[in-house]
Amino acid sequence: MITEFIEHRLFPTVVYQNTIPVNQSELDIVKGIEYERMPSNNGHFTKMKDVLSVMPETRKAIEEHIKYYTKEVLSIMPKYNFPIMDSWVNKHEEQDEAQKHFHANALISGVYYLQTPPDCGNIKFHKPTNHNNFLNEMLNFETIFVNERNAAEYVIDVKEGMLLLFPSQVYHSTQINKAKSERYSLAFNTWVSGIFGTDIDKLEL
């Protein structure tokens, strides 16, 4: 009977998870910012798109995690930096959700959960259609159980203080908020700055 094997996980997409304690005073500030209904009519977001400018402690903590994610987890050289370009807060009321989407014109995106009442809806990451592992779009096998090897979706249970960082091209969505109170989450995108190329052909971003 086969009882063990060696598994090589080829070219994984790393979603980084960590925790930052919620700063209640900064949360109170962002709750008071003006919100507008999303064009998709499934939630609200702040009209302000640089919300981290009024959340200095949270911004500092997130920047430390971005640095750790890029340098220690992804082993990117320290000559490259990944500054935050924009940030906003999403407010999802009862029955609101976020449709499947990705973040264009960005490299690393993140979400930080400020308020997550029970049953407020988890985040789902979706396998891209061009990700041709054994289970592809042409064949839909029934499976004994679902795990990261055979799933088309990957769900992470959200909780207050949770920070997630991931490549911006990864499709994601949120489940319906079935709670009576709002779910608040901070979203942001980064770009890159640094020196690219060789000594002969350098490009600075």
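Predicted model, so just to flag it, every value in this text is computed and none were measured.

**Overview of the environment of Gly43**
At step 1: By secondary structure assignment, the location of Gly43 is in the loop between strand 2 (35-37) and strand 3 (44-46).
At step 2: Residue Gly43 is classed as buried on the basis of its relative accessible area, which comes to 0%.

**Re the pairing of strand 9 (residues 162-167)**
At step 1: Burial of strand 9 is extensive: 6 of the 6 residues sit out of reach of the surface.
At step 2: Two elements, strand 1 (residues 16-19) and strand 9, share 4 bridges in a ladder whose sense is antiparallel. Each residue of the ladder has a partner; that of Gln17, found in strand 9, is Leu164.
At step 3: Here strand 6 (residues 108-115) pairs with strand 9 via 5 bridges, running antiparallel. Across the sheet, the residue bridging to Ser109 is Phe166, located in strand 9.

**A few points about the pattern of salt bridges**
At step 1: Overall, the coordinates contain 8 salt bridges when judged by the stated rule.
At step 2: Put simply, Arg37 and Asp96 hold a salt bridge, and the shortest N to O gap is 2.9 Å. In this pair, Arg37 is assigned in strand 2 and Asp96 in the loop between strand 4 (84-92) and strand 5 (98-101), connecting sequence segments 59 residues apart.
At step 3: Judged by relative accessible area, Arg37 falls into the partly exposed class, the value being 32%.
At step 4: A single network of salt bridges, built from pairs that share partners, joins Glu7, Arg9, Glu148 and Arg149.

Scoring rules and cut-offs
Residues numbered from 1 in each chain as written. Predicted model: local features only at pLDDT ≥ 70, side-chain atom pairs only at ≥ 80, totals over all residues. Heavy atoms only, no water. Helix = DSSP H or I, 4+ residues; strand = E, 2+ residues; numbered from the N terminus. Buried < 20%, exposed > 50% of the residue type's maximum accessible area, 1.4 Å probe, protein only. Pairing = 2+ DSSP bridges. Salt bridge = Lys/Arg side-chain N within 4 Å of Asp/Glu carboxyl O.

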